[in-house]
Amino acid sequence: MLELIKHISNTHNLSKKGWEKLNKLIEVKEYKAKENIVEIGKNTSNFYFLFSGIVRAYTVAKGKEYNSFLFSKNNYLAAFPALISKQPSKINIECLTNATIASCNYYDFIKLTEESIEFNILYRKILEGFFISAEKREIELITTYATQRYENLQKRIPNIDNLIAQKHIAAHLGITSVQLSRLRRDMYK
């Protein structure tokens, strides 16, 4: 819980009363590898903060899975379009490793943002960070070579090659598993 407190404090300082209100909304849970947090076609009501583990967000089209993002510790995750529109999710969010995750009911949190400027500011800053990360990922996919994307991923999640399946790394990089094997071979010559 200290990681979340530190992360929120770095985002926006809350008053003591604010922390008391927020603490009532947060539930921490342990998840197993391969366990879904959010599922395609189902409604969701929570957003999450990842304390430990690796989680992926992905969608399925024509029977094929497409990873959109790999999350590591100290990241927020959610199917925000589904939450905001109150529609079923178009993505799965799945634990690739065992994970410790805090959840918060989105709609209860939104009530706090409507009642309190400090929560409104916190929410805005969380969303800004989420959108900055999404744009950064999008730009990285179209402007950098797979080798650079792989090196960036290794910096962001040290030891990733020993933590999750190569197919998930390859999917995150936008390449095939065969291409990843070649890339790794060439890098480590």
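Because the structure is a prediction, the values reported are computed rather than measured.

Asker: Whenever I open this one, the sheet that holds strand β3 (residues 46-52) confuses me. Can you help?
Answerer: Within a beta sheet, neighbouring strands are joined by backbone hydrogen bonds and run either parallel or antiparallel to one another. Taken in spatial order, the four strands of this open sheet run β1-β8-β3-β6, and their pairing is antiparallel. Each end of this open sheet is capped by a strand with a single partner; those strands are β1 (26-31) and β6 (75-77). Across the sheet, the axes of successive neighbouring strands diverge by a mean angle of 30°, strand direction being ignored. Summarising the sheet, β3 and β6 pair through three bridges and their orientation is antiparallel. Considered in β6, the bridge of L50 is made with N75. Across the sheet, helix α2 (residues 16-25) is in contact with β1 and β8 (99-105); its angle to β1 comes to roughly 40°. Sheet contacts for helix α4 (residues 106-115): β3 and β8; angle to β8, the most-contacted strand, approximately 55°.

Asker: Even after reading the chapter, I still don't get the confidence of the model for the protein chain, so can you show me in this structure?
Answerer: When pLDDT drops low, the exact placement of atoms in the prediction is not to be read closely. Counting all residues, the mean pLDDT for the protein chain is 93, and 99% of those residues have values of 70 or more. Mean pLDDT values for the elements of the protein chain range from 82 in helix α1 (residues 2-11) up to 98 in strand β7 (residues 92-95).

Asker: Would you explain the packing of aromatic side chains in this entry?
Answerer: Aromatic ring pairs are reported here in terms of the distance separating the ring centres and the angle at which the planes meet. The final tally for this structure, using the stated rule, is 11 aromatic pairs. Pairing Y106 with Y107 gives two aromatic rings, centres 5.2 Å apart and planes at 85°, and the pair type is edge-to-face. A relative accessible area of 5% places Y106 in the buried class. Relative accessible area serves as the criterion here: at 24%, Y107 is assigned to the partly exposed category. With a centroid separation of 6.0 Å and 65° between ring planes, the pair formed by F109 and Y123 is classed as edge-to-face. Residue F109 is located in helix α4, and its partner Y123 is located in helix α5 (residues 117-143); the two are separated by 14 residues in the primary sequence. The buried category is assigned to F109, whose relative accessible area is 1%. Three or more aromatic residues joined by ring pairs form one cluster here, namely F47, Y106, Y107, F109, F119 and Y123. Over the ring of Y58 we find R56; its NZ or CZ atom is 3.6 Å from the centre of that ring.

Asker: Please explain empty space enclosed by the protein as it appears in this structure.
Answerer: Gaps between atoms show up when a probe of the same size as a water molecule is rolled over them. Following the criterion strictly, the structure yields one cavity of 30 Å³ or more and no others. By volume, the largest cavity is sized at about 110 Å³. Looking at the lining of the largest cavity, the elements that each hand over two or more residues are α1, β3, β8 and α5. Classifying every residue of the lining of the largest cavity by side-chain character gives 13 nonpolar, one polar and no charged.

Asker: Is there a simple way to explain the side chain of S72 in this structure?
Answerer: Considering the arrangement of structural elements, one finds S72 in the loop between β5 (64-71) and β6. Judged by relative accessible area, which is 9%, S72 ranks as buried. With sequence-adjacent residues up to four places away left out, S72 is seen in contact with L50, G53, R156 and I157.

Cut-off values and rules
- Residues numbered from 1 in each chain as written.
- Predicted model: local features only at pLDDT ≥ 70, side-chain atom pairs only at ≥ 80, totals over all residues.
- Heavy atoms only, no water.
- Pairing = 2+ DSSP bridges.
- Helix = DSSP H or I, 4+ residues; strand = E, 2+ residues; numbered from the N terminus.
- Axes fitted to C-alpha atoms, helices over the stretch in contact; angles between N-to-C directions.
- Contact = heavy atoms within 4.5 Å.
- pLDDT = per-residue confidence, 0-100.
- Phe/Tyr/Trp six-rings, centres within 6.5 Å; stacked < 30°, edge-to-face > 60°.
- Buried < 20%, exposed > 50% of the residue type's maximum accessible area, 1.4 Å probe, protein only.
- Lys NZ or Arg CZ within 6 Å of the ring centre and 35° of its normal.
- 1 Å grid on protein atoms, 1.4 Å probe; cavity = no way out; pocket = protein on both sides within 12 Å on 5 of 7 lines; lining within 4 Å.
- Points joined across faces, edges and corners; volume = space filled by probe spheres on them.
- Nonpolar A, V, L, I, M, F, W, Y, C, P; charged D, E, K, R; others polar.

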